[in-house]
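Observations on the model geometry
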Amino acid sequence: MPQRRKIAAGNWKMHGLGASLDEARALCAAFPKPGVDILLCPPATLLSRMRDALDGGAIALGGQDCHASESGAHTGDVSALMLADAGASHVILGHSERRADHGETSAQVAAKAQAARAAGLVAVICVGETLQEHDAGRTLDVVTAQLAHSLPAGANATNTIIAYEPVWAIGTGRTPTPEQISEVHTVLRARLPDPGIRLLYGGSVNAANAASIFAISDVDGALVGGASLKAQDFGAIVRALEDS
Ligand code: PGA
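All values reported here derive from a predicted model rather than from experimental measurement. (Residues numbered from 1 in each chain as written. Predicted model: local features only at pLDDT ≥ 70, side-chain atom pairs only at ≥ 80, totals over all residues. Heavy atoms only, no water.)

**Digging into the pattern of salt bridges**
The test is simple: The term salt bridge refers to a pairing of a side-chain nitrogen on Lys or Arg with a carboxyl oxygen on Asp or Glu at a separation within 4 Å. Where helices and strands are cited, they refer to DSSP runs of H or I of at least four residues and of E of at least two residues respectively, numbered from the N terminus. The classification of residues rests on relative accessible area computed with a 1.4 Å probe and restricted to protein chains. Under 20% of the type maximum is buried, over 50% is exposed, and intermediate values are partly exposed.
In total, this model carries 14 salt bridges according to the counting rule given. A salt bridge links Asp 37 to Arg 5, with the nearest nitrogen and oxygen atoms 2.5 Å apart. Note that Asp 37 is positioned in strand β2 (residues 37-41) and Arg 5 in the segment before β1 (7-11), a separation of 32 residues in sequence. Take Asp 37: its relative accessible area is 23%, and that puts it in the partly exposed class. When the shortest N-O distance is used, the salt bridge between Arg 98 and Glu 104 registers 3.1 Å.

Below is the structure:
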């Protein structure tokens, strides 16, 4: 079976102005030839400037969402084609903040992932249970249903990455135990249409806990929010992944 290349993905969410590009430049300078894939997903307003700032470097760029249509009367939305045009190679889809803030369903996520594929983007599809679902013992039911309905037909290792992000771990400083992460990843992996699809963990990953998370088998990297905003913090996570 081919080795899955590890990936450290940074999700800047709604953070970052032009001055923040210095962090991306510093990260780029620190990793001229990284031993893992590095992806930064800034707000759409920074994509083309970040592409220019990182031009020729090893860091890939991604959007944080896209519309399911190529173009049209959808005020405020951005299409996958537009993200690709601005320099993105990836797009995060179905993040729990999109699912919660915008009521996105897994069926909509699958339609967006189709659009991403048509535009040549890799979809980073997120799944994860809420605290209530976690406490009710429904984690595996929730994430397997989200996976089943969010993956478009034809999803494979080339066009899809999955991120398991428990909602209660995002931005809270709480993380599941290694056993909990391992259990969910094992169950998700068994349901992937292609064994080469990379499976990331996300939720309060930081420089201090990265090595222990990356030691869990079946964790192919991380989707990192808060700790991806500073080159020093994210760089430490990238190094931990390189060493894992
Ligand atoms: P966090 O966010 O690392 O700040 O917890 C992760 C995410 O939402 O992707």
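**Describing the site of the ligand**
Worth spelling out the cut-off: What makes a residue near a molecule or strand is one non-hydrogen atom of that residue sitting within 4 Å of it. Within 3.5 Å is the distance limit for a polar contact, defined as a pair of N or O atoms, with the added protein rule that one can donate a hydrogen and the other accept it, and that residues adjacent in sequence qualify only through two side-chain atoms. The Shrake-Rupley method, run with a 1.4 Å probe, gives the accessible areas here. Residue values count only the displayed protein chains as cover. The nonpolar class holds Ala, Val, Leu, Ile, Met, Phe, Trp, Tyr, Cys and Pro. Asp, Glu, Lys and Arg form the charged class, and all remaining residues, Gly among them, are polar.
Lining the immediate environment of the ligand, one finds 13 residues, of which Lys 13, His 95, Glu 165, Gly 171 and Ser 204 sit closest. Lys 13 is positioned such that a nitrogen or oxygen atom in its side chain is 2.7 Å from an oxygen atom of the ligand. One nitrogen or oxygen atom from the main chain of Ser 204 is found 2.8 Å from an oxygen atom belonging to the ligand. Isolated, the ligand exposes 280 Å² of accessible area, and the fraction of that covered by the protein chains is 95%. Here the shell around the ligand is built from residues that sort into four nonpolar, seven polar and two charged.

**Details of the environment of Leu 241**
Let me state the cut-off plainly: The contact definition used throughout considers only heavy atoms, calling two residues in contact when any of these lie within 4.5 Å.
For Leu 241, the location among the structural elements is in helix α10 (residues 231-243). Residues Leu 241 and Ala 123, 118 residues apart in the sequence, show an inter-C-alpha distance of 21 Å. In this structure Leu 241 touches Lys 6, Ile 7, Ala 8, Val 36, Phe 214 and Gly 221, once residues within four positions along its chain are discounted.

**Quick word on the sheet that holds strand β4 (residues 90-93)**
Note the cut-off: Any two strands are treated as partners once DSSP identifies two or more bridges connecting them. Interaxial angle, 0 to 180 degrees, is taken between N-to-C directions of lines fitted to C-alpha atoms, where a helix line uses only the stretch in contact.
Strand order in this closed barrel of eight strands is β1-β2-β3-β4-β5-β6-β7-β8, and the pairing throughout is parallel. On average, adjacent strands in this sheet sit at an angle of 25° to one another, irrespective of strand direction. Alignment of strand β7 (residues 198-202) against strand β8 (residues 221-224), held across two bridges, turns out to be parallel. The residue bridging Tyr 201 from the neighbouring strand is Ala 222, located in β8.

**A closer look at the side chain of Thr 139**
Inspection of the secondary structure assignment puts Thr 139 in helix α7 (residues 139-150). Residue Thr 139 is classed as buried on the basis of its relative accessible area of 12%. Apart from residues no more than four positions distant in its own chain, Thr 139 is found in contact with Glu 129, Glu 133, His 134, Tyr 164 and Val 184.

**Topic: helix α2 (residues 47-54)**
As a reminder, the rule being used: Along the arc lie the directions from the helix axis toward the C-beta atoms.
Regarding α2, the residues found buried are Leu 47, Met 50 and Leu 54. An end-on view of α2 places all buried positions within 65° of arc, on one side of the element. On its buried face, α2 sits against α1 (21-30), β2, β3 (59-63) and α3 (80-85). Phi turns positive, to about 90°, at Gly 56, one or two residues after α2.

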